[in-house]
Amino acid sequence: MFCNQCQQTLGGVACTSVGICGKDKDVQALQENLVYSLKGISAYAYHARELGYTDPEIDAFLAEGLYSTLTNVNFDMDSLFSLSMKAGMVNLKAMDLLKRAHRETFGEMSPARVETGTVEGPGILVTGHDLKALFELLKQTQGTGVNVYTHSEMLPAHAYPVLRAFPHLRGNLGKSWFDQRTLFAEFPGAILGTSNCVLVPRDEYKDRFFTVGIAYLPGVRHIEGYDFSELIEKAKSLPHLKAHKGETILTTGFSDSVILSLKDKLLSLLKEGKIRRIFLVGGCDAPGQVRQYYRDFVARTPSDTIVLTLACGKFRFNDLDLGEIDGIPRLLDMGQCNDAISAINVAKALSEALGCSVNDLPLTLVLSWMEQKAVAILMTLLALGIKGIYLGPTLPAWLTPTLIEKLKATAGIRLTTTVDKDMAEILAAK
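This write-up is about the structure you can find in this document. Residue positions within a chain follow its written sequence, with the count starting from 1. Confidence filtering applies because this is a predicted model: local features only for residues at pLDDT of at least 70, side-chain atom pairs given and counted only at 80 or more, and all residues used for totals across whole chains, interfaces and linings. Hydrogens are left out, water is left out, and the side-chain values use all remaining heavy atoms of the structure.

Hydrogen bonds along the backbone pair up the strands of a sheet, which may run parallel or antiparallel. Pairing is parallel in the open sheet, where six strands are placed in the order β6-β5-β4-β7-β8-β9. Each having just a single partner strand, β6 (169-172) and β9 (221-223) make up the two edges of the open sheet. Neighbour to neighbour, the strand axes of the sheet diverge by 30° on average, direction disregarded. As paired elements, strand β8 (residues 209-212) and β9 share three bridges and run parallel to each other. Bridging across to β9, Val212 finds its partner in Ile223. Whether two residues touch is decided by their heavy atoms; if any such pair falls within 4.5 Å, the residues are in contact. To obtain each axis, a line is fitted to C-alpha atoms, and for helices this fit is confined to the stretch in contact; angles are then taken between N-to-C directions over 0 to 180 degrees. A run of H or I in DSSP becomes a helix once it reaches four residues, and a run of E becomes a strand once it reaches two; helices and strands are each numbered from the N terminus. Helix α4 (residues 131-141) rests against β4 (123-127), β5 (147-151), β6, β7 (190-193) and β8 of the sheet, and its axis sits at about 165° to β5. When DSSP finds two or more bridges between two strands, those strands count as paired.

Pasting the structure below:
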C-alpha cells in the first residue's frame, strides 16, 4: 500500500490515519465510521437482492461512500459527517427494502412461541441472518425426515407464516452468535452458516459444518446455488438427536404491523398512565459479563413499562417473563437487527397520533453495539434526529474525543453506567 500524502510505502498496513498521515484523527474516525456503515448497508442490500429486491439509490451511495474514503479524496470533517448522516438515511432505505422483501416473500410476521428443545431424528442447525437460505433448505428437507432448527438471528424466522408452515422447522437452539463453538460441538447433527457472525469452527464439528451465500470458512464445504443435497445427506448419516424438552419457550414476531394493530389500545394506556414508558433495548451481543447490564436492566424495568427488543442482544434477557399490561406482553421481540425499521415505524406512528415529536415520546433507547450493522443503524437513528440514546457497554473505539463531544452535544448520546443510575435518570425524565 502506498500513501500519496507522505509518499511512503506502508508495508501493507494503512498509514496512521488511513492515508492521511495523522494530520486529523477526527477525519480518520469519520472515514472509519463511514466504512463500517457501508458494510452494514451492504449486508441488508445483499439479503434483499437475494430475494429479487434492489434499489439504485442504495447501490449508488455504496460507490459514493466507499470512494470518498480513498486517499486524497475527502479530508473535510463537515463533509464526512454529512456523509455519515446520509449513510444513516440510506441504511433506513435498505432496511425498509429488506423488510418489504421479507414481508412479500414470507408473509406478514405474527407472534410465535418457539420451542427451545429437540425432537427425535436427524437435524440441521441454521445460523446467521439469511432467510432465503433457510427457505430453500426447508423446501429441500420437506418429507426427508430431517428436522431444521434455528440459532441466534434466525429465531425470528418462526414468525413468518410461509416459513413456520413447514412442520419440520422445529425450534431455536442456543442464544447469541458467540455460543457457536460450545453449542455446535454439542449438537450432533449438521450445521449451516448463512451470513456474517459465523466463527471458524472447532475440529470436532468442522466436517459437518457447511456454509452458503456470503459466508466462507477455512476447511468448511461451501454450497453453491442453494443445492443442499450434500448437507441433507450428511445430516441423515449423523447420530439422531434425542427428544429433549427445552428450558423455556421464546416468543418473537412483534413487527410494526402487529404492534400498530394495537395502536389505539397503546395510546389509551399511555394517556391513562398505565404505561409509563416504552424502552427499546436491543443491538448486538458479545462475550463478557459486562453485557449482563442489559439483562439486569430489563429485569428491573417497572411493571408499568414495555420493552421492545430486536437483534441478538435480546438473548441476554428474552427468556424473562415480564408479564403483561392489559393483555399486551411487556416484552415484545420485533425480530432481527434489520427489523429496527419496525421500531422506527412504531415510534413515528405513535408520535403522529399524539401530535408530538419522537423525542417527546415516553420512549428511551438503550442499545448495545458490536459490529457494522449496529453502526449503520446508529447512524440511521442519528440522521432521524433521535436523541438521548443510551449506548454501551463502551463507545466505538474509533471515535475521537472531539466526535464523542459532538455526539453528546447534538444527539444527547449517553454512555451506559450502572442499571440503578441509568434507570433512575430515565424514569425521572418527563
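To continue, consider the packing of aromatic side chains. The rule is short: rings of Phe, Tyr and Trp, with Trp giving its six-membered ring, pair when the centres are within 6.5 Å, and they are stacked under 30 degrees, edge-to-face over 60, tilted in between. This structure, assessed with the given rule, holds 14 aromatic pairs. Note on Tyr36 and Trp398: the rings are 4.4 Å apart at their centroids and 45° apart in plane angle, and the pair reads as tilted. With Tyr36 in helix α1 (residues 25-50) and Trp398 in the loop between β17 (390-392) and α14 (401-411), this pair connects stretches of sequence that are 362 residues apart. Overall, Tyr36 belongs to the partly exposed group, its relative accessible area being 25%. Through a chain of ring-to-ring contacts, the aromatic side chains of Phe106, Phe135, Tyr160 and Phe166 assemble into a single cluster. Buried means the residue's accessible area, taken with a 1.4 Å probe over protein chains only, is under 20% of the maximum for its type, while exposed means over 50%, and partly exposed covers the values in between.

Take the sheet that holds strand β11 (residues 277-283) next. One open sheet holds the six strands; their spatial order is β15-β12-β11-β16-β17-β18, and the pairing between them is parallel. Two strands close off the open sheet at either side, each with one partner strand: β15 (331-333) and β18 (414-415). Pairing of strand β16 (residues 363-368) with β17, which is carried by three bridges, proceeds in the parallel orientation. The partner of Ser368 across the bridge, within β17, is Gly392. Sheet contacts for helix α11 (residues 292-299): β11, β12 (305-309), β16 and β17; angle to β16, the most-contacted strand, approximately 155°.

The residue Thr301 is located in the loop between α11 and β12 in this model. For the pair Thr301 and Arg330, spaced 29 residues apart in sequence, the C-alpha to C-alpha distance is 9.7 Å. Not counting residues within four places of it along the chain, the set of residues in contact with Thr301 comprises Phe279, Val307, Leu322, Arg330 and Met423. In the analysis that follows, any N or O atom pair within 3.5 Å is treated as a polar contact, provided that within protein one partner can donate a hydrogen and the other can accept it, and provided that, for residues neighboring in sequence, both atoms belong to side chains. A distance of 2.7 Å separates the side chain of Thr301 from the backbone oxygen of Val298, its partner in a polar contact. Side-chain polar atoms of Thr301 contact the side chain of Arg330, separated by 2.8 Å.

In this section: the side chain of Asp26. Here Asp26 shows up in helix α1. Of the side chains bearing the opposite charge, Lys25 lies closest to the buried Asp26, which forms no salt bridge; the N-O distance is 9.9 Å. Sequence-distant contacts of Asp26, defined by excluding residues within four places in its chain, comprise Met77, Thr400, Thr402 and Leu403. We count Lys and Arg on the positive side and Asp and Glu on the negative side, and we leave His and both chain ends out. Counted as salt bridges are all cases of a side-chain nitrogen of Lys or Arg within 4 Å of a carboxyl oxygen of Asp or Glu.

Next up on the list: the pairing of β12. Burial analysis of β12 places five of its five residues in the buried class, the great majority of the element. The alternating pattern of β12 places Thr305, Val307 and Thr309 and Ile306 and Leu308 on opposite faces, both of which are buried. Pairing geometry for β11 and β12, over four bridges, is parallel. From the neighbouring strand, Arg277 faces β12, where its bridge partner is Thr305.

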